[in-house]
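Residues per chain, in single letters:
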Amino acid sequence: MSVRPSEFPPPWSPPEAIAAPTDPVDERIEVGFLIVGAGPAGLAAAIRLGQLLEEHPAMSDRLGDVPVAVLEKGKAPGSHLLSGAVINPRGLQRLFKGRKRVDEMPFYGEVHGESVLFLTKRRALRLPTPPTMVNHRNYVASLSQLGRWLGEEAEALGVTILPETTAGQLVVDGGRVLGVRTGDRGRGRAGEELGNFEPGSDIVARVTILAEGTQGHLTGAALDHFRLRSDNPQVWALGVKEVWKVAKPLHEVVHTMGWPLRGGRKYREFGGSFIYPMGDDMVTVGMVVGLDYRDAELSVHDLLQELKTHPRVRRILDGGERVQWGAKTIPEGGFVALPKKLHAPGLLLCGDGVGFVNVPALKGIHYAIESGRLAAEAAWRTLERGASARDALRSYDESVRESFIWSDLREVRNMRQAFGRGFYAGGALAGAMTATKGRFPPGDLETERDAEQSLIVTDRATSYPAPDGVLTFDKLSSVFASGNRTRDDQPNHIRVQTKVPREVAELWARMCPAHVYEVGEADGDGTVEVKLAPSNCVQCGAITAKGGRLTPPEGGSGPEYTLT
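Residues numbered from 1 in each chain as written. Predicted model: local features only at pLDDT ≥ 70, side-chain atom pairs only at ≥ 80, totals over all residues. Heavy atoms only, no water.

Some details on the overall build of the protein
- The helix and strand inventory of the protein stands at 14 helices and 28 strands.
- Rg of the C-alpha trace for the protein: 23 Å, near the compact-globule value of 24 Å for 564 residues, within the 12% margin.
- Projected onto its principal axes, the C-alpha positions of the protein cover 65 × 55 × 50 Å.
- For the protein, the proportion of its 564 residues judged to be buried stands at 61%.
- For the protein, the proportion of contacts with a sequence separation of at least 24, taken over those separated by at least 6, is 79%. (Helix = DSSP H or I, 4+ residues; strand = E, 2+ residues; numbered from the N terminus. Rg over C-alpha atoms; globule rule 2.2 N^0.38 Å. Buried < 20%, exposed > 50% of the residue type's maximum accessible area, 1.4 Å probe, protein only. Contact = heavy atoms within 4.5 Å.)

Here it is as structure tokens:
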């Protein structure tokens, strides 16, 4: 009998992330505007608010000693950021209008050539580039580097960035978001207070902007608490990527589909790979696979290792050296999975946390930046004389609906859902959708949750290449290459059932790119034990999509990306 991961929900519920104020009023930390997440959306919001303060200096007094604060759970802005990334500069140009030129931004260069390849195990067939994937006038970048640069730009405008600080709970009182409670620091494995223990604090603000990125902890809780979710569930993909120092330059961006994924409908394997030049001496290569796949033996990390053995890819990497590795989920539900509203009293939601990603175009960064800018302007409207806070925050929804974010995503609203029918049927439907700009088929196709897919078990793992430490690598060496510095004795931040059917345990163990889960001994009742090594976790979020729950670990833990 088949099983689904959703039948074994984690020991966690959204109300755990919602709390009344804890600290007395005189002990709360007060800031003007609070932003959670120093990614593209959060930093764009911070920069826009800094610009507005620069233009209206008299407003500073109304916002206190800290007019704008950004919480970042990583060691620094950029530490947890990972993407392809080929960036449409539109969002950055609008954010820095008249202040920065594109050639002043940390890009590796403009895209001057591209190819889309259909792979078999030994061959590569070049395909016409679909209109959604044309990258003319886009730029190759490292998202972690862009994050650091945006952080510096924000601080230059007077923004306060608080790194190594998690937002553990959304502070709500009387139906209004007041701010967040930060996570404790200095607890041991069993939750006991260590010698360096520091309790969390209530940080309150006029408006809180959640820009947590994919699988946002508080974003998900807020969507449930304020009943903002779409009727269509969000779905995700998992991306695993490596940065290589190479012997010879790559002069084009490359996307592939086909092998090593299987096209049959029963597998539900949707995705592909990307290979982008990072100047003359580096490339980034990655594999992205939708998490609605069914085979418990599928491993995106090992598919990437397999991809590198293809003659076309091996030639690009030949003589090179892997210098960094990372993994991250990507929201793929698209337009039909967007929340019913993007605001609640005292709260605005933006970026990947709400699903602003164009799947067929492989783009989301410029949408995150634009949504952050628009959220900042809506928050600022609460300061206007005679302004209604409710109307000011509602104007954010109106601004997003009038923006290129909305029009772009509406045109591709059913693309991802079509591929649930298999690669070939999905490709045919996608072509029709592209030709009609999303008008065919009429209406919205149904989205099925990733964790609702019934599992099958094949012998897929037998074809993964053995790690040789030169071209192919195991998971533990990859975690080392992420710069992960999580201490071994900090509390477990991963919630899963630890007695599940073997298929579910195998799914989690194979899926995780960081070797967090292991299949333990059989318990004699048809289940097995799930063993965890949470200090390996790079916080990709895949477990949340497939039956578990990632909660915020201690601030500063996780990867320390610099090139991803």
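A short note on helix 1 (residues 40–55)
- Across its 16 residues, helix 1 extends 22 Å between first and last C-alpha, which sits within 8% of the 22 Å expected from 1.5 Å per residue.
- Among the 16 residues of helix 1, 14 are classified as buried, and the element is accordingly described as predominantly covered. (Expected span 1.5 Å × (residues − 1).)

Examining the domain arrangement of the protein
- The domain boundaries assigned to the protein delineate domain 1 (17–95 + 145–186 + 197–230 + 338–411) and domain 2 (107–140 + 234–334 + 452–550).
- For domain 1 versus domain 2, the separation of C-alpha centres amounts to 29 Å.
- When the two sides are added together, the surface that domain 1 and domain 2 hide from each other amounts to roughly 2,400 Å², 56% of it contributed by carbon and sulfur.
- For the pair domain 1 and domain 2, the interface holds zero salt bridges.
- Across the domain 1-domain 2 interface, the total number found is 13 residue pairs in polar contact (both at pLDDT 80 or more).
- Classifying every residue of the side of domain 1 that touches domain 2 gives 13 nonpolar, eleven polar and three charged. (Domains from an automatic or database assignment. Buried area = accessible area lost by both parts, 1.4 Å probe. Salt bridge = Lys/Arg side-chain N within 4 Å of Asp/Glu carboxyl O. Polar contact = N/O pair within 3.5 Å; in protein donor to acceptor, adjacent residues only side chain to side chain. Nonpolar A, V, L, I, M, F, W, Y, C, P; charged D, E, K, R; others polar.)

Some remarks on empty space enclosed by the protein
- All chains considered together, the criterion is met by four cavities of 30 Å³ or more.
- Contributing to the lining of the largest cavity are 14 residues, with Cys 512, Tyr 517, Cys 537, Cys 540 and Ile 543 lying nearest its centre.
- Looking at the lining of the largest cavity, its residues break down into twelve nonpolar, two polar and no charged. (1 Å grid on protein atoms, 1.4 Å probe; cavity = no way out; pocket = protein on both sides within 12 Å on 5 of 7 lines; lining within 4 Å. Points joined across faces, edges and corners; volume = space filled by probe spheres on them.)

Comments concerning the sheet that holds strand 10 (residues 160–162)
- Read from one edge to the other, the open sheet built from six strands follows the order 10-4-3-16-23-22, with strand pairing classed as mixed. Both edges of this open sheet fall to strand 10 and strand 22 (343–344), since each of them pairs with a single strand only.
- Two strands pair when backbone bridges link them, and strand 22 and strand 23 (residues 347–349) are joined in this way by two bridges, in the antiparallel orientation. Along strand 23, the bridge assignment pairs Ala 344 with Leu 347.
- In the packing of helix 7 (residues 365–381) onto the sheet, the strands contacted are strand 3 (33–36), strand 16 (207–210) and strand 23, and the crossing angle to strand 16 comes to about 170 degrees. (Pairing = 2+ DSSP bridges. Axes fitted to C-alpha atoms, helices over the stretch in contact; angles between N-to-C directions.)

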